[in-house]
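# Residue-level structural notes
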Amino acid sequence: MSRRALPRILAMAPGLAGLLLVLSCSAAPRFTRPDQPLRRPGRSAHLESPAPTSEVEAQAGQVWRTRASWYGDEFHGRPTASGEPFNLGAVSAAHRELPFGTWLQVTNLANGRKLEVRVNDRGPFKEGRELDLSREAARRLGFLEAGTAEVEVRVLSLP
């Protein structure tokens, strides 16, 4: 390195450090913020009975069928809509309307595997899907590679 280049590099250091600080503190928005009104979910053609569309309508024992998907890698460690950090290795779920802390039993209709999950996030926002599961939940239910699965959802308890 020449002696002439060193002062230029040192002069740029505070600007680069500031840019790195700004970029490390910003995060892409994740689904909806808890203070935003929730969107009503679209109806899936796969529903046996309607999914709950508000916290008032949700009742323990309610059952419906839908297509579930999973999410994980790009959101690992980021806060969920409930404020908890998302852990792709834990078992959790995202739903547009159900209250945070709602426990669900999810059954993969293709293989009969069942799993209990807790709602701690909002989503999914794709047409025809009403439940997003963590990567670990999808692995345990047997649809990690496929990406989506037809599932039966049963509300076990509300907070």
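Just above sits the structure.
Residues numbered from 1 in each chain as written. Predicted model: local features only at pLDDT ≥ 70, side-chain atom pairs only at ≥ 80, totals over all residues. Heavy atoms only, no water.

Here we take up the nonpolar core. Leu104, Val106, Val117, Leu131, Leu133 and Phe143 are the most contacted members of the largest nonpolar core, which totals 20 residues. Elements with a minimum of two residues in this core: β1 (63-71), β3 (103-108), β4 (114-121), β5 (129-134), α2 (135-141) and β6 (148-157). When residues no more than four places from it in sequence are discounted, the contact partners of Leu131 are Arg67, Ala68, Ser69, Ala93, Ala94, His95, Leu104, Val106, Pro124 and Val153. Of all hydrophobic cores here, the second largest spans five residues; its members include Tyr71, Phe75, Leu88 and Ala94. (Core = buried A, V, L, I, M, F, W, Y, C linked by side-chain atoms within 4.5 Å. Buried < 20%, exposed > 50% of the residue type's maximum accessible area, 1.4 Å probe, protein only. Helix = DSSP H or I, 4+ residues; strand = E, 2+ residues; numbered from the N terminus. Contact = heavy atoms within 4.5 Å.)

Another aspect to go through is the environment of Pro85. Summarising the element assignment, Pro85 is placed in the loop between β1 and β2 (93-94). Classification of Pro85 by relative accessible area gives exposed; the value is 57%. In this structure the C-alpha to C-alpha distance between Pro85 and Asn120, which are 35 residues apart in sequence, comes to 9.5 Å. Aside from chain neighbours lying at most four places away, what touches Pro85 is Gly77, Arg78, Pro79 and Thr80.

Note that β1 and β6 share seven bridges and pair antiparallel. Considered in β6, the bridge of Ser69 is made with Thr148. Judged from the five bridges that link them, β1 and β5 form a sheet pairing that is parallel. From the neighbouring strand, Arg67 faces β5, where its bridge partner is Arg129. (Pairing = 2+ DSSP bridges.)

Turning next to the side chain of Thr107. Relative to the helices and strands, Thr107 is located in strand β3. Assessed through its relative accessible area of 8%, Thr107 is described here as buried.

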